[in-house]
Amino acid sequence: MTSDLFSVEGKTVLVTGGTRGVGYMIAEGYLRAGARVYISSRKEDACRDAESALSEHGEVHGIPCDVSTEDQCRTLVDTIAQHESTLDVLVNNAGTTWGASFDEFPDSAWDKVLATNLKAPFTLTRLARPLLDKAASDEAPARVINIGSIDGLSVPGFGNYSYSAAKAGLHHLTRHLAADLAPSILVNAIAPGPFPSKMTERPLETNGEQLRAASPVRRIGRPADIAGAAIYLSSRATTFMTGEVITLDGGLSTTLGVRV
């Protein structure tokens with residue numbers, strides 16, 4: 001009865017921003033678990049390089065796409081539809097950030113970050129809904145997984161105003177979509193803490209040791225941590241879960257005030 005409780009074998013998955021960082025970790029995890037994976041990135045060469053590296057773990061296809069625009073989101077979904085009749089899992093991971101002081105924070109940082117981090121997950125979910133609906137059954141609903149952030153749960157210690165606001169909005173959008181798309185499509189989110197990526201490269205260089213010391217588990221995230229959470233949310237184990245935001249930060253956000 002429980003042998004396939006956490007299985008994603010044979011599922012078709014799209015991971016946006018899947019060529020590096022957390023998205024790459026998630027894509028590799030799905031491939032190792034037997035899923036067929038599509039990844040996207042703005043840059044064609046990044047798609048090609050990631051596809052080549054990930055292909056040793058399973059069937060993977062890279063598709064260049066700037067998800068901040070509706071036209072390219074539509075092209076991404078249409079391209080997948082040329083090869084797949086259904087889509088079991090959509091992981092809205094693509095994101096960007098901007099850091100500046102309050103007095104110097106530009107309007108352009110809001111347009112860029114909200115378009116990618118908040119509008120794109122809504123647009124892509126809307127466009128992918130027909131493929132997701134076709135994949136869904138009573139016993140195996142399709143899944144949408146939004147990658148949020150602990151910066152959307154509590155106030156970060158640096159000036160990433162549009163990023164933290166977009167991630168907080170994404171968490172609430174997750175709940176709203178969950179209410180509208182159930183029961184055929186279940187929508188949940190993961191709010192990661194610090195994981196190694198290009199986005200976190202500078203903070204980890206300057207504050208990595210402090211973050212590790214502040215965490216109850218004394219480390220930052222590893223690929224298996226984020227891949228495991230995504231696989232869990234895609235499996236039969238979570239067919240009774242929707243509208244949830246899972247914090248994945250080693251206890252950092254919930255114990256920081258106690259430990260410092």
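Residues numbered from 1 in each chain as written. Predicted model: local features only at pLDDT ≥ 70, side-chain atom pairs only at ≥ 80, totals over all residues. Heavy atoms only, no water.

Some points on the environment of Ala 33
Moving on, step 1. Relative to the helices and strands, Ala 33 resides in the loop between α1 (21-32) and β2 (36-41).
Moving on, step 2. Separated by 24 residues in sequence, Ala 33 and Glu 9 have C-alpha atoms that sit 6.0 Å apart.
Moving on, step 3. Setting aside chain neighbours within four positions, we find Ala 33 in contact with Val 8, Glu 9 and Ile 231. (Helix = DSSP H or I, 4+ residues; strand = E, 2+ residues; numbered from the N terminus. Contact = heavy atoms within 4.5 Å.)

Considering the packing of aromatic side chains
Moving on, step 1. Taken as a whole, this structure holds four aromatic pairs when the rule is applied.
Moving on, step 2. The interplanar angle of 75 degrees and the centroid separation of 6.0 Å between the aromatic rings of Phe 102 and Tyr 161 together place this pair among those described as edge-to-face. Remark: Tyr 161 occurs in helix α5 (residues 161-181) and Phe 102 occurs in the loop between β4 (89-92) and α4 (107-135); sequence separation between them is 59 residues.
Moving on, step 3. Members of the aromatic cluster, each reached through a chain of ring pairs, are Phe 102, Phe 105, Trp 110 and Tyr 161. (Phe/Tyr/Trp six-rings, centres within 6.5 Å; stacked < 30°, edge-to-face > 60°.)

What to know about the UniProt feature "domain: Ketoreductase" (unreviewed entry) in the protein chain
Moving on, step 1. Taking the UniProt record as the reference, the feature "domain: Ketoreductase" (unreviewed entry) is found at residues 11-193.
Moving on, step 2. Here residues 11-193 is 46% helix and 19% strand, with 27 Å between the C-alpha atoms at its ends. (UniProt positions renumbered as here; feature names shortened; annotations may be inferred.)

Concerning the pairing of β4
Moving on, step 1. By the alternation rule, side chains of β4 split into Val 89 and Val 91 and Leu 90 and Asn 92, which are all buried.
Moving on, step 2. Both strand β1 (residues 12-16) and β4 contribute to a ladder of three bridges, which runs parallel. In the sheet register, Val 15 faces β4, and the bridge partner there is Val 91.
Moving on, step 3. Looking at chain direction, β4 and strand β5 (residues 142-147) are connected through four bridges and run parallel. Its bridge partner being in β5, Asn 92 is matched across the sheet by Asn 146.
Moving on, step 4. Between the parallel elements β4 and β5, the chain passes through α4 in a crossover that is right-handed. (Buried < 20%, exposed > 50% of the residue type's maximum accessible area, 1.4 Å probe, protein only. Pairing = 2+ DSSP bridges. Right-handed = clockwise from strand over helix to strand, strands pointing away.)

Things to note about the sheet that holds β4
Moving on, step 1. Read across the open sheet, the seven strands follow the order β3-β2-β1-β4-β5-β6-β7; overall the sheet is parallel. If you trace the sheet from one side to the other, it starts and ends with β3 (60-64) and β7 (245-248), each paired once. Neighbour-to-neighbour, the strand axes of the sheet open up by a mean angle of 20 degrees, direction not taken into account.
Moving on, step 2. Relative to strand β6 (residues 185-192), β5 runs parallel, the two being bridged by six bridges. In the sheet register, Ile 145 faces β6, and the bridge partner there is Asn 188.
Moving on, step 3. Running over the sheet, helix α3 (residues 70-81) touches β1, β2 and β3 and is turned about 150 degrees from β3. (Axes fitted to C-alpha atoms, helices over the stretch in contact; angles between N-to-C directions.)

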